[in-house]
Amino acid sequence: MKNNFWEKGQKHCAVITGASSGIGMEMARALNKIGCFVVLSGRNIKALEKLREELGAESCAVIPADLPVVKNCIDFYAAAKKYEPDILINNAGFGIYGEFTETSLTNELELIDVNIKAMHILFKLFLKDFVKKDRGYILNVSSSAGFMPGPLMTTYYSSKSYVIRQTVGVFTELKAKRSNVNVSVLCPGPVSTEFNRRAGITGFFKGITAKQCAVYTLSRMYRKELIIVPTIKMKALITAGKLAPERLASFGAYVLQKGKKRIE
Ligand SMILES: NC(=O)c1ccc[n+]([C@@H]2O[C@H](COP(=O)([O-])OP(=O)(O)OC[C@H]3O[C@@H](n4cnc5c(N)ncnc54)[C@H](OP(=O)(O)O)[C@@H]3O)[C@@H](O)[C@H]2O)c1
């Protein structure tokens, strides 16, 4: 990816949650490659330190955080703020597979705390700083799942719907006051990462690579695109889902989810 997006001489710093694997890790690599200082977060300290070593200690920092706890989000924000970021990649998240009557309530509440609450807290706190400076980019990571009902993964789909609605609403508020801060939401289809394994399933479609997803997304983010969907196939599926009656879209999603296999 060429660095033709930024003002000359301007130093940039990106805070990335969920940087210990998958999309977040590739976002960190891509941003580091174009000269951006990166603040890496996640729970897996070993993976974060390994990435820091790879990228060069002088161009990144590690701030571990377990995000379902509100205090941890606020402490993380306070620690990351010291680096004067102008980019937030609000990416940490996970999924849970299974029928709603069978999945664990505790795990679902944790999912809501990470995918919705932590996303919300960090979005708000960093955005307020960016608005004061009148510059910066925020990328909230949702999913194409956020556009449709998600039988067999209902809590995950619903959580990602929140991310889309929150981002689009705030985007309009910023435009209305002619702010130079931009917010975008990433809505990918399947991406080959640890996501499925963590959700206890094997994928149905072969996903794009996390690197493809990250590079495409960052180039769109700099063009200030609001909703970023990396592949034509997913764009078509989302459009079809929007046109179809709700029950039909939900049944289609059920068939897709049912095709996934549980990891024993
Ligand atoms: N892969 C896909 O097919 C796909 C499709 C659409 C959207 N997405 C979204 O993309 C984002 C990144 O997922 P991925 O595909 O890259 O999966 P991944 O490889 O499993 O990465 C998930 C990241 O989230 C972090 N995370 C999870 N729980 C956390 C917690 N309690 N506190 C702090 N960090 C936490 C993980 O870090 P630690 O384990 O170190 O805490 C990890 O770095 C997620 O929001 C996911 O919903 C993925």
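Coordinates for the structure precede this section.
A short tour of the structure in this document, coming up. Just so it is clear, the structure is predicted and the values come from calculations on it, not from any experiment.

### Brief notes about the packing of helix 4 (residues 105-133) against helix 5 (residues 154-176)
As a packed pair, helix 4 and helix 5 sit with axes 9 Å apart at the nearest point and diverge in direction by 15°. Overall, the two elements helix 4 and helix 5 adopt an arrangement that is roughly parallel. By crossing handedness, the relation of helix 4 to helix 5 is classed as right-handed. On helix 5, the residues touching Glu108, Leu111, Ile112, Asn115, Ile116, Met119, His120, Phe123, Leu127 and Val131 of helix 4 are Thr155, Tyr156, Ser159, Lys160, Tyr162, Val163, Gln166, Thr167, Val170 and Leu174. Per-class residue counts for the contact of helix 4 with helix 5 are 12 nonpolar, six polar and two charged.

### Digging into helix 1 (residues 22-33)
Taking 1.5 Å of rise per residue, the 12 residues of helix 1 would be expected to cover 16 Å, and the 17 Å separating its terminal C-alpha atoms lies within 8% of that figure. Of all the 12 residues making up helix 1, 10 are buried; the element is thus mostly covered by neighbouring parts of the structure. Taken together, the buried positions of helix 1 are occupied by Gly22, Ile23, Gly24, Met25, Glu26, Met27, Ala28, Ala30, Leu31 and Asn32. At the exit of helix 1 stands Gly35, carrying a positive phi of roughly 85°.

### Points about the site of the ligand
Looking at the ligand, there are 30 residues lining it, with Ser20, Ser21, Arg43, Tyr156 and Thr193 nearest. Measuring from an oxygen atom of the ligand, one finds a backbone N or O atom of Asn44 at 2.8 Å. Within the backbone of Glu194, an N or O atom sits 3.3 Å from an oxygen atom of the ligand. Look at the ligand: alone it shows 870 Å² of surface, and the protein chains cover 97% of it. For the shell around the ligand, the secondary-structure elements that each account for two or more residues are helix 1, helix 5 and helix 6 (195-199). Split by residue class, the shell around the ligand holds 13 nonpolar, 12 polar and five charged.

Calculation notes
- Residues numbered from 1 in each chain as written.
- Predicted model: local features only at pLDDT ≥ 70, side-chain atom pairs only at ≥ 80, totals over all residues.
- Heavy atoms only, no water.
- Axes fitted to C-alpha atoms, helices over the stretch in contact; angles between N-to-C directions.
- Helix = DSSP H or I, 4+ residues; strand = E, 2+ residues; numbered from the N terminus.
- Parallel < 35°, antiparallel > 145°, perpendicular 65-115°, else oblique.
- Left-handed = near helix turned anticlockwise from the far one by under 90°.
- Contact = heavy atoms within 4.5 Å.
- Nonpolar A, V, L, I, M, F, W, Y, C, P; charged D, E, K, R; others polar.
- Expected span 1.5 Å × (residues − 1).
- Buried < 20%, exposed > 50% of the residue type's maximum accessible area, 1.4 Å probe, protein only.
- Near = heavy atom within 4 Å.
- Polar contact = N/O pair within 3.5 Å; in protein donor to acceptor, adjacent residues only side chain to side chain.
- Areas by Shrake-Rupley, 256 points an atom, 1.4 Å probe, with all protein chains shown as cover.

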